[in-house]
Amino acid sequence: MRLAPVDYLILSLYFVFVLSIGWMVKRKVATSADFLTSGRSVPVWITSLAFIAANLGAQEVIGMCASGAKYGIMTAHFYWIGAVPAMLFVGVFMMPFYYGSRARSVPEYLKLRFDEKTRALNAVTFAVMTVFSSGISMYALGLLFELVLHWSFTASVILSAAIVLVYTFLGGLTSAIYNEVLQFFLIVLGFAPLSIFVVMRTGGWSGMAARLPEVMTHTWRYAGNASQNPMGVEVFGLVAGLGFVLSFGYWCTDFLVVQRAMAADSMSAARRTPLIAAFPKMVMPFVVIIPGIAAVALSHMALGYSIPLKPGGGPDYDQTLTTLMAQFYPSGMLGLGLTALMASFMSGMAGNVTAFNTVWTYDLYQGHIRKNAPDAHYLFVGRVTTVVGVALSIATAYLASHFNNIMDFLQLVFGFVNAPLFATFLLGMFWKRATGHGAFSGLLAGTGAAALTHGLTLAEGKGGWLGTVLHTFPSTMAQNFWIAIFAWSTCFLVTALVSLMSAPKAESELHNLVYGLTQIPHEQVPWYKRPAPLAVIVIVALVILNLIFW
């Protein structure tokens, strides 16, 4: 891949713009709340785009293209049943609890609803997860620098870490949010033309489909049996594992995305944030998944293109997007595409770092190490934590190299952390009888169940580390779905049983924390600003998309 001067110019202008945003926002950061939570002052259209962009990191852009090549259009399930329904649920039902409680983070909500030990456990597991997720983003951009600039992977990782550290250190969450909006538009402008170019080279959708196994171009038709589709998952595993547990576990409880909605300037704006974000989310498969599917068709044509191989053999799906850009983008467009990739990296990594520093500073440091320090001290700790989070992410970047699809790795991490956490939130928000002892026990049991399932099953050489293999899954993704199902189910049952054996909080302590005891303001606004009508429109569009690609 050779870059022309115009490509370098586009990259340079982007870096200047990103750092300028960080520098301008820095002047408005005077308190720890400004740095870590944006002071709940961001307009709804900004929070909506940031809500989706925080989930458009390099691991999603590269990983979803890789999954398109590996699993076909079934990958769209990660959007159409694995994201949008949960986004509607968090906006309509859960955001009133988050925003109304005035909690500064998801773990802090758990403290208010349950107790300190539940908050601490979630804070620790979430901090670990953000470091892993950030490391995956760093790994993805390291691969990009290695391919484009021919640097070593280590040098690429260190440089990429330094780039994102500067602007998150300067402006905190507000800087990250405004950059995420910029990055969202860059991602669309950088990858949508590639999707059009490669599909046209295969002869349009019909020409592409003719060169592929039929299963690659349908979402539901071959989901009846795990042996009939490349994802190796049946309808129940798909709907329960991805559509319910992993999806709701991520979008409804992951502070990385919830934090964007909580930065909105009103309750109404916070509730509409995920609903508005659902519209572009439904369209993203056409931008990031279709190129991967087209890559498989192109490899069957006499165009000199093939999906790269890992050094040890087997396809390296993670290189699909970058190799497509190298072969089919002209100068100028190549620079824009590379800038979009860098933007996706920064979006993902900055989102994880800002969530990590908020949870560490408020939930762990202020909660357990130094409780009554001046606010300036917490601002200092937040900035130091930003540096530490980036350093830890560098270490985890190397773990991602052991997977031929980084989305497989990412969903495994979610299965351990977010899947049991969603069971805790579901009971905590909608069942007044749920207790702190129940929540804590359930989270431990759910995470343990995830580890046990992974240790006793095998998929593509992953898992089976307990020495006994009880079941072999046809794909790593199928294994991830079932890990999530067992983790959620175990947490739900243990939380319910222990709660029934322990004393609940008085109702007076649960106001704005539990359904039925939360004041939800009914504002006199036009219908298109109300959560329910927006949700109905999204559902109709979602059904149409699933029917078209059935």
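For the structure itself, look to the data block above.
All values reported here derive from a predicted model rather than from experimental measurement. (Residues numbered from 1 in each chain as written. Predicted model: local features only at pLDDT ≥ 70, side-chain atom pairs only at ≥ 80, totals over all residues. Heavy atoms only, no water.)

**A short note on the overall build of the chain**
Rules: Helix and strand definitions here come from DSSP, where helices need a minimum of 4 consecutive H or I residues and strands a minimum of 2 consecutive E residues; each element is numbered from the N-terminal end. Based on C-alpha atoms, the radius of gyration is set beside the globule rule, defined as 2.2 Å times the residue count to the power 0.38. Each residue gets one of three labels from its accessible area relative to the maximum for its type: buried under 20%, exposed over 50%, partly exposed in between, using a 1.4 Å probe on protein chains only. The contact definition used throughout considers only heavy atoms, calling two residues in contact when any of these lie within 4.5 Å. Accessible surface is estimated by sampling points in the Shrake-Rupley manner with a 1.4 Å probe; for residues, cover comes only from the protein chains shown.
A tally of regular secondary structure across the chain gives 22 helices and 3 strands. In terms of overall size, the chain behaves like a compact globule, its C-alpha atoms giving a radius of gyration of 22 Å where 550 residues would be expected to give roughly 24 Å. Summarising its shape, the C-alpha atoms of the chain cover approximately 70 × 55 × 55 Å along the three principal directions. Looking at the chain as a whole, 62% of its 550 residues are labelled buried. Pairs at least 24 apart in sequence give 81% of the contacts found in the chain among residues at least 6 apart. Here the chain has roughly 19,500 Å² of accessible surface; of this, 69% comes from carbon and sulfur atoms.

**A look at the sheet that holds strand E1 (residues 457-459)**
The following threshold applies: For two strands to be treated as a pair, DSSP must find at least two bridges joining them. Throughout, an axis means a line fitted to C-alpha atoms (over the contacting stretch in the case of helices), and angles, computed between N-to-C directions, take values from 0 to 180 degrees.
Read across the open sheet, the 3 strands follow the order E2-E1-E3; overall the sheet is mixed. Strands with a single pairing partner mark the edges of an open sheet, and in this sheet they are strand E2 (462-463) and strand E3 (471-472). Bridge count for E1 against E2 is 2 bridges, and the pairing is antiparallel. Its bridge partner lying in E2, leucine 458 is registered against glycine 463. Where helix H20 (residues 436-456) meets the sheet, its contacts fall on E1, E2 and E3, and the angle it forms with E1 comes to roughly 65°.

**Here's the deal with the packing of aromatic side chains**
Operational definition: Whether two aromatic rings pair depends on their centres lying within 6.5 Å, for rings of Phe, Tyr and Trp, where Trp uses its six-membered ring; planes under 30 degrees apart make the pair stacked, over 60 edge-to-face, and the rest tilted.
For the coordinates displayed, the defined rule picks out 24 aromatic pairs. Ring centres 5.7 Å apart and planes at 40° place the aromatic pair phenylalanine 236 and tryptophan 482 in the tilted group. Highlighted residues: phenylalanine 236 in helix H11 (residues 235-253) and tryptophan 482 in helix H21 (residues 476-500), separated in sequence by 246 residues. Seen in terms of ring centroids, phenylalanine 244 and tryptophan 488 are 5.1 Å apart; in terms of plane orientation they differ by 75°. Their pairing is edge-to-face. One end of the pair, phenylalanine 244, is in helix H11; the other, tryptophan 488, is in helix H21, with 244 residues separating them in the sequence. We classify tryptophan 488 as buried; its relative accessible area is 15%.

**Examining the packing of H20 against H21**
The condition is simple: An angle counts as roughly parallel when it lies under 35 degrees, as roughly antiparallel when it exceeds 145, as roughly perpendicular when it falls between 65 and 115, and as oblique in every other case. By definition, any crossing whose near helix is turned counterclockwise from its far helix by less than a right angle is left-handed, and any crossing with a clockwise turn is right-handed. Gly falls in the polar group here, along with every residue not listed as nonpolar (Ala, Val, Leu, Ile, Met, Phe, Trp, Tyr, Cys, Pro) or charged (Asp, Glu, Lys, Arg).
Two elements in contact, H20 and H21, have axes separated by 7 Å at closest approach and are oriented at 155°. When the axis of H20 is compared with that of H21, the two are roughly antiparallel. Relative to H21, the crossing made by H20 is right-handed. The segment H20 lies against H21, with His437, Gly438, Ala439, Ser441, Gly442, Leu443, Ala445, Gly446, Ala449, Ala450, Thr453 and His454 engaging Gln479, Trp482, Ile483, Phe486, Ala487, Thr490, Cys491, Val494, Thr495, Val498 and Ser499. Per-class residue counts for the contact of H20 with H21 are 12 nonpolar, 11 polar and no charged.

**Digging into H21**
This is how it is decided: Helix span, expected: 1.5 Å multiplied by one less than the number of residues in the helix. Distance and chemistry together define a polar contact, namely a pair of N or O atoms within 3.5 Å, with one atom able to donate a hydrogen and the other to accept it when in protein, and with adjacent residues in sequence counting only for side-chain atoms on both sides.
Helix length check: H21 (25 residues) gives 36 Å between terminal C-alpha atoms against 36 Å at 1.5 Å per residue, within 8%. The N-cap residue of H21 is serine 475: its side-chain oxygen and the backbone nitrogen of alanine 478 are 3.1 Å apart.

**A few points about the packing of helix H3 (residues 44-53) against helix H12 (residues 255-262)**
For the pair H3 and H12, the least separation of the axes is 8 Å and the interaxial angle reads 175°. By the angle between their axes, H3 is roughly antiparallel relative to H12. In this structure, H3 uses Thr47, Ala50 and Phe51 to contact H12, whose residues at the interface are Val257, Val258, Arg260 and Ala261.

**Some points on helix H13 (residues 267-283)**
Counted only if it meets this: Bend at a given residue is defined as the angle between two axes, one fitted to the seven residues that end at that position and one fitted to the seven that begin there.
Remark: the principal bend of H13, roughly 30°, maps to threonine 273, with a proline, proline 274, within the next four residues. Across the 17 residues that make up H13, a large majority, 14, are buried.

**Considerations on empty space enclosed by the protein**
The condition that has to hold: Using a grid of 1 Å spacing that covers the protein atoms alone, one calls a set of points a cavity when a 1.4 Å probe fits there but cannot get out, and a pocket when the set is open and has protein on both sides within 12 Å along at least five of seven lines; lining residues are those with an atom within 4 Å of a point. Grid points are joined across faces, edges and corners, and a volume is the space filled by probe spheres set on the points.
For the structure on display, the rule yields 2 cavities of 30 Å³ or more. Roughly 260 Å³ of internal volume is contained in the largest cavity. In terms of lining, the largest cavity is formed by 24 residues, of which the most central are Asn55, Glu60, Tyr250, Gln411 and Phe414. Those elements giving two or more residues to the lining of the largest cavity turn out to be helix H4 (58-71), helix H5 (77-80), helix H8 (116-149), H11 and helix H19 (406-430). A per-element tally of the lining of the largest cavity places H11 first, with 5 residues. One number sums up the size of the second largest cavity: a volume of about 40 Å³. Taken together, Ile62, Ala140, Leu143, Leu144, Asp318, Gln319 and Thr322 form the lining of the second largest cavity. With 3 residues, H8 is the largest single contributor of residues to the lining of the second largest cavity.

**Re the environment of leucine 493**
One can find leucine 493 in helix H21. Judged by relative accessible area, which is 53%, leucine 493 ranks as exposed. Considering only alpha carbons, one finds leucine 493 and alanine 445, 48 residues apart in sequence, at a separation of 9.5 Å.

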